[in-house]
Amino acid sequence: MSSLKLKRLILKIFSLFSTVRAYNILVLVAAQYLAAIFIFSPTKSLSDVVFNLHLLYLVLACVFVISGGYIVNNFYDVKVDKINRPLKTGLDNYVKQETKLKLYFLLNFIGFFFGILISFRAAVFFALYIFSIWLYSHKLKKYPFIGFISATILTVLPFFAVFVYFGNFSKIIFVHASFLFLVIMVRELIKDLQNIKGAIANNYQTFPVVYGEKKTKQLSVILLVLTVFPIAILFSYPGLNYMRYYFYFALFILIFVGFYLWKSVSSNQYRRLHNTLKILLLIGVLCLIFIDTSLLIDKVINRLN
């Protein structure tokens, strides 16, 4: 293979990784398994969770369906992204749109197939999830309120699928989910602020386009204030253990985000805030192992010994 062909192949691979947002997919997999081990099934052994075949099918179904979702979202947003993310769009264009659409249908088929391997209900769930992602990418994201709310729901649904699978409906899980829901909604609003130029140019009626930047910031600050309530409830939970330090850290970061957001005016400033919340959520995923250190000792350290 010539060096030119090798270079093009590498660029196409990077293009596909960029299109399906491989980083987000890896974080999702880590979050699902860590949540399954330390939150949804605290009484099960490490091997029972890690080598659970149906859980593997569930995670793989999410991976393929969400990867397909990123592709269809990229397909519909190509004009918007040329304005908002010219460098990323240039990389994404190394793979033809026709090839991406074929891959989109293939990934969804594989994801649906894994859903069938789990159960009929799981197959129905993933069929509806695939349709919902397409509907969001094609229509819903262009409108205020329903756009960022539907994006938030689609983001948290994979975690909902895991905790339904384990049948763990404890109060603490719902409180934790409400915290995540609020933070992700703020992240989506900030992303809309970041992408406002492309939205205006392509007639997307997102929240900042319809109501303006000031009202978007006001709503974001209200949502940030509301995160105090689930955090306060979580602090009263004795099993939170060392993970309470993550929520202390989260409070500090969210206060910083609120103040910095109010003063922000440029796309780069909004991008920093968006990335800050992404990092905060990633740290939250990694800190799941500290939600109960006795589980860490019992499930991991004793297992290694």
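Please read these numbers as outputs of a predicted model, since none were measured by experiment. (Residues numbered from 1 in each chain as written. Predicted model: local features only at pLDDT ≥ 70, side-chain atom pairs only at ≥ 80, totals over all residues. Heavy atoms only, no water.)

## With respect to the overall build of the protein
Scanning the protein from N- to C-terminus turns up 16 helices and 0 strands. Computed over C-alpha atoms, the radius of gyration of the protein comes to 20 Å, within 12% of the 19 Å expected from 2.2 N^0.38 for 305 residues, which places it in the range of a compact globule. The dimensions of the protein, computed from C-alpha atoms along their principal axes, are 55 × 50 × 40 Å. Among the 305 residues that make up the protein, the fraction classed as buried is 46%. In the protein, the share of contacts with a sequence separation of at least 24, taken over all contacts with a separation of at least 6, comes to 78%. With the model as given, the accessible surface of the protein reaches about 15900 Å², and the carbon-plus-sulfur share is 71%. (Helix = DSSP H or I, 4+ residues; strand = E, 2+ residues; numbered from the N terminus. Rg over C-alpha atoms; globule rule 2.2 N^0.38 Å. Buried < 20%, exposed > 50% of the residue type's maximum accessible area, 1.4 Å probe, protein only. Contact = heavy atoms within 4.5 Å. Areas by Shrake-Rupley, 256 points an atom, 1.4 Å probe, with all protein chains shown as cover.)

## Here's the deal with the packing of aromatic side chains
Under the defined criterion, the tally for this structure stands at 18 aromatic pairs. Their ring planes at 80° and their centres at 5.4 Å tell us that Phe75 and Tyr76 sit as a pair that is edge-to-face. In this structure Phe75 comes out as partly exposed when scored by relative accessible area, which is 29%. Residue Tyr76 is classed as partly exposed on the basis of its relative accessible area, which comes to 26%. Among the aromatic residues, ring-to-ring pairing joins Tyr57, Phe64, Phe113 and Phe114 into one connected group. (Phe/Tyr/Trp six-rings, centres within 6.5 Å; stacked < 30°, edge-to-face > 60°.)

## Considering the side chain of Lys217
Relative to the helices and strands, Lys217 is located in helix 12 (residues 207–226). We note that Lys217 is buried and unpaired, the nearest opposite charge coming from Glu213 at a distance of 4.7 Å. A distance of 2.5 Å separates the side chain of Lys217 from the backbone oxygen of Ser264, its partner in a polar contact. In this view, Lys217 contacts Leu193, Leu261, Trp262, Ser264 and Tyr270; residues no more than four positions away in its chain are not counted. (Lys, Arg positive; Asp, Glu negative; His and termini not counted. Salt bridge = Lys/Arg side-chain N within 4 Å of Asp/Glu carboxyl O. Polar contact = N/O pair within 3.5 Å; in protein donor to acceptor, adjacent residues only side chain to side chain.)

## Quick word on the pattern of salt bridges
The full count for this structure, using the stated rule, is 3 salt bridges. Between Lys141 and Asp77 there is a salt bridge, with its nearest N and O atoms 2.3 Å apart. Placement of the pair is Lys141 in the loop between helix 8 (120–138) and helix 9 (146–166) and Asp77 in the loop between helix 4 (53–76) and helix 5 (78–84), with a sequence separation of 64 residues. For the pair Lys141 and Asp77, one class covers both residues: buried.

## A word on helix 14 (residues 244–263)
Look at helix 14: 29 Å from first C-alpha to last across 20 residues, which is about the 28 Å you get at 1.5 Å a residue. Of all the positions in helix 14, only Tyr246, Phe247, Ala250, Ile253, Leu254, Val257, Gly258 and Leu261 are classed as buried. Relative to the axis of helix 14, the buried residues are bounded by an arc of 145° and lie together on one face. Counted as exposed and oriented over 90 degrees from the buried face of helix 14: Tyr245, Phe252, Ile255, Phe259 and Lys263. (Expected span 1.5 Å × (residues − 1). Arc of directions from axis to C-beta.)

## Overview of the layout of surface pockets
Reported here for the second largest pocket is a volume of approximately 290 Å³. Looking at the second largest pocket, the residues that line it are Leu58, Ile118, Ser119, Arg121, Ala122, Phe125, Phe126, Phe160, Ala161, Val164 and Tyr165. Broken down by secondary-structure element, the contributors of at least two residues to the lining of the second largest pocket are helix 8 and helix 9. Residue composition of the lining of the second largest pocket, grouped by class: 9 nonpolar, 1 polar and 1 charged. (1 Å grid on protein atoms, 1.4 Å probe; cavity = no way out; pocket = protein on both sides within 12 Å on 5 of 7 lines; lining within 4 Å. Points joined across faces, edges and corners; volume = space filled by probe spheres on them. Nonpolar A, V, L, I, M, F, W, Y, C, P; charged D, E, K, R; others polar.)

## Observations concerning the packing of helix 8 against helix 9
In a pair of packed helices, the angle between the axes and the distance between the axes together describe the arrangement. Close contact between helix 8 and helix 9 brings their axes to 11 Å; oriented N to C, the two are set at 155°. Here helix 8 is positioned roughly antiparallel relative to helix 9, judged by the angle of their axes. Crossing hand, helix 8 versus helix 9: left-handed. The segment helix 8 lies against helix 9, with Phe125, Tyr129, Ser132, Ile133 and Tyr136 engaging Gly147, Ser150, Ala151, Leu154, Leu157, Pro158 and Ala161. In terms of residue class, the contact of helix 8 with helix 9 is made up of 9 nonpolar, 3 polar and no charged. (Axes fitted to C-alpha atoms, helices over the stretch in contact; angles between N-to-C directions. Parallel < 35°, antiparallel > 145°, perpendicular 65-115°, else oblique. Left-handed = near helix turned anticlockwise from the far one by under 90°.)

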